[in-house]
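Architecture and fold: a report
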Amino acid sequence: MHRRRNGRSGTVRGRLSMDTLSNEVEKTRNAVLVDFGGVITSSVLRAFTEFGASLGGDPRLPLDLLSRDQPSRALLADHECGRIDAPAFERGFAERLRVHGAEVSAEGLTARMQAGMSIDGDMLALLGEVRAAGHPVALVSNAFGTGTYDGVDLAAVADVVVISSEVGIRKPSRRIYAIACERLGIDPEEAVMIDDLQQNLDGAARIGIGGVLHTSAADTRRQLAERFGITA
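Bear in mind the structure is a predicted one, so any value in this text is a computation, not a measurement. (Residues numbered from 1 in each chain as written. Predicted model: local features only at pLDDT ≥ 70, side-chain atom pairs only at ≥ 80, totals over all residues. Heavy atoms only, no water.)

1. Things to note about the side chain of H214
Keep this limit in mind: Secondary structure follows DSSP: runs of H or I at least 4 residues long count as helices, runs of E at least 2 residues long count as strands, and numbering of each begins at the N terminus. Between buried and exposed lies partly exposed: a residue is buried under 20% and exposed over 50% of the maximum accessible area for its type, with that area taken using a 1.4 Å probe on protein chains only. What makes two residues a contact is simply this: any of their non-hydrogen atoms within 4.5 Å.
Checked against the element boundaries, H214 lands in the loop between β5 (210-213) and α12 (217-228). Here H214 falls in the buried class, since its relative accessible area comes to 7%. Excluding residues within four positions of it along the chain, H214 makes contact with G38, V39, M123, I194, D195, D196 and T220.

2. Focus on the pairing of strand β4 (residues 191-195)
Worth spelling out the cut-off: One bridge is not enough; two strands pair if DSSP finds at least two bridges between them. Every crossover in which the path from the first strand over the helix to the second runs clockwise, viewed with the strands pointing away from the viewer, is termed right-handed.
Burial of β4 is extensive: 5 of the 5 residues sit out of reach of the surface. Taken together, the 4 bridges between strand β1 (residues 31-34) and β4 define a ladder with parallel strand orientation. Note on β4: the bridge partner recorded for V32 is V192. Pairing between β4 and β5: 4 bridges, direction parallel. Paired with V192 across the bridge in β5 is G210. Handedness of the β4-helix α11 (residues 198-205)-β5 crossover: right-handed.

3. Some details on the packing of helix α7 (residues 121-132) against α12
Worth spelling out the cut-off: Lines fitted to C-alpha atoms define the axes, with helix axes restricted to the stretch in contact, and inter-axis angles between N-to-C directions lie between 0 and 180 degrees. Note on terminology: angles under 35 degrees are roughly parallel, angles over 145 are roughly antiparallel, angles of 65 to 115 are roughly perpendicular, and the others are oblique. The nonpolar class holds Ala, Val, Leu, Ile, Met, Phe, Trp, Tyr, Cys and Pro. Asp, Glu, Lys and Arg form the charged class, and all remaining residues, Gly among them, are polar.
Two elements in contact, α7 and α12, have axes whose closest approach is 9 Å; the angle formed by their N-to-C orientations is 25°. Taken together, α7 and α12 sit at an angle that is classed as roughly parallel. Side by side, α7 and α12 meet where D122, M123, L126 and E129 of the first sit next to A217, T220, R221 and L224 of the second. Split by residue class, the contact of α7 with α12 holds 4 nonpolar, 1 polar and 3 charged.

4. A closer look at the packing of helix α4 (residues 70-80) against helix α5 (residues 86-99)
Relative orientation of the contacting elements α4 and α5 amounts to 170°, with a least axis distance of 10 Å. With respect to each other, α4 and α5 are oriented roughly antiparallel. Along its contact with α4, which presents P71, S72, L75, L76 and H79, the element α5 presents A86, F89, G92, F93 and R96. Split by residue class, the contact of α4 with α5 holds 6 nonpolar, 3 polar and 1 charged.

5. Digging into the pairing of β1
The alternating pattern of β1 places A31 and L33 and V32 and V34 on opposite faces, both of which are buried. The sheet contact formed by β1 and strand β2 (residues 137-141) spans 3 bridges and is parallel. Looking at β2, one finds that V34 is bridged to L139.

6. Things to note about the packing of aromatic side chains
Convention followed: Here a Phe, Tyr or Trp ring, Trp counted by its six-membered ring, pairs with any other such ring whose centre lies within 6.5 Å, and the pair is stacked when the planes are under 30 degrees apart, edge-to-face when over 60, and tilted otherwise.
Under the criterion given, the structure shown has 4 aromatic pairs. Relative to Y149, the ring of F36 lies with its centre 4.8 Å away and its plane at 65°, an arrangement referred to as edge-to-face. Residue F36 is located in the loop between β1 and α2 (44-54), and its partner Y149 is located in the loop between β2 and α8 (154-157); the two are separated by 113 residues in the primary sequence. This pair shows no difference in class: F36 is buried, exactly as Y149 is.

7. Some points on the sheet that holds β5
With parallel pairing, 5 strands are arranged side by side in an open sheet as β3-β2-β1-β4-β5. Two strands lie at the open edges of the sheet, namely β3 (160-163) and β5, each paired on one side alone. Put simply, the sheet's adjacent strands are angled 20° from each other on average, direction ignored. With respect to the sheet, α11 is in contact with β4 and β5, its orientation differing from that of β4 by roughly 165°.

8. A short note on the nonpolar core
As a rule of thumb, soluble globular proteins bury nonpolar side chains together. For the record, the criterion: What makes a nonpolar core is a set of buried Ala, Val, Leu, Ile, Met, Phe, Trp, Tyr and Cys residues whose side-chain atoms join them at distances within 4.5 Å.
If you look at the biggest cluster of nonpolar residues, it comprises 25 residues, and the most contacted ones within it are V32, V34, L139 and L224. Residue assignment for this core shows that the elements contributing at least two residues are β1, α7, β2, α8, β4 and α12. Here V34 is in contact with V39, I40, L127, V137, A138, L139, V140, M193 and I194, once residues within four sequence places are set aside.

9. Digging into the pattern of salt bridges
Threshold: Any Lys or Arg side-chain nitrogen located within 4 Å of an Asp or Glu carboxyl oxygen qualifies as a salt bridge.
This structure, assessed with the given rule, holds 12 salt bridges. The salt bridge involving R98 is made with E95; its shortest N-O contact spans 3.4 Å. Of this pair, R98 and E95 both sit in helix α5, 3 residues apart, which is roughly one turn of the helix. The class of E95 is partly exposed, set by a relative accessible area of 38%. R221 is the salt-bridge partner of E129, the closest N and O atoms lying 2.8 Å from each other. Linking E129 in helix α7 with R221 in helix α12, this pair joins segments that are 92 residues apart in sequence.

Here is the structure:
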């Protein structure tokens, strides 16, 4: 009985040691990769839904097409990777919306889709504090439309800026995260990705990057500090 108790105790101690080691490894991160739309801005999904509502039909139509309709998905992939420009995407996606009963003009379509988005000042402040504390920051963003980054001094937000249309690769491809790490001069295991979409965090995790699923600046600040030891 005594030996069995010691065995159980040893097992518990072993598990605690492994948990402690795991937490320590997680806290060795010291660099941040960050998304733009939905993190530095308010929710993209909410803005697209508001745009859908303005068309007078199902508010979810734009998002449903971009996620489930193969021609729309192909248009988005081509646009985000820089194979087609914003006007070409707008013409193609306007046609897909019309096929599904929404009367919409192609000109300025992406701007109207993003009209409900606003810059999150709290996130800008957090990123500024993170950089001031000595943690390098890379912006990793899938391109969409024109003027998306207007009003934000990207050089003041991040040390490195990686836009999908400029590198020809989009999230969640692991290569775009690797490019960001290479430009920062760090190993992926040193970095944390902040994104509002789990699929993008999953892509980053494939090369060893930690992940913070963003819901608010306050929660992201907490996760960076508690899980990864990145304080601002």
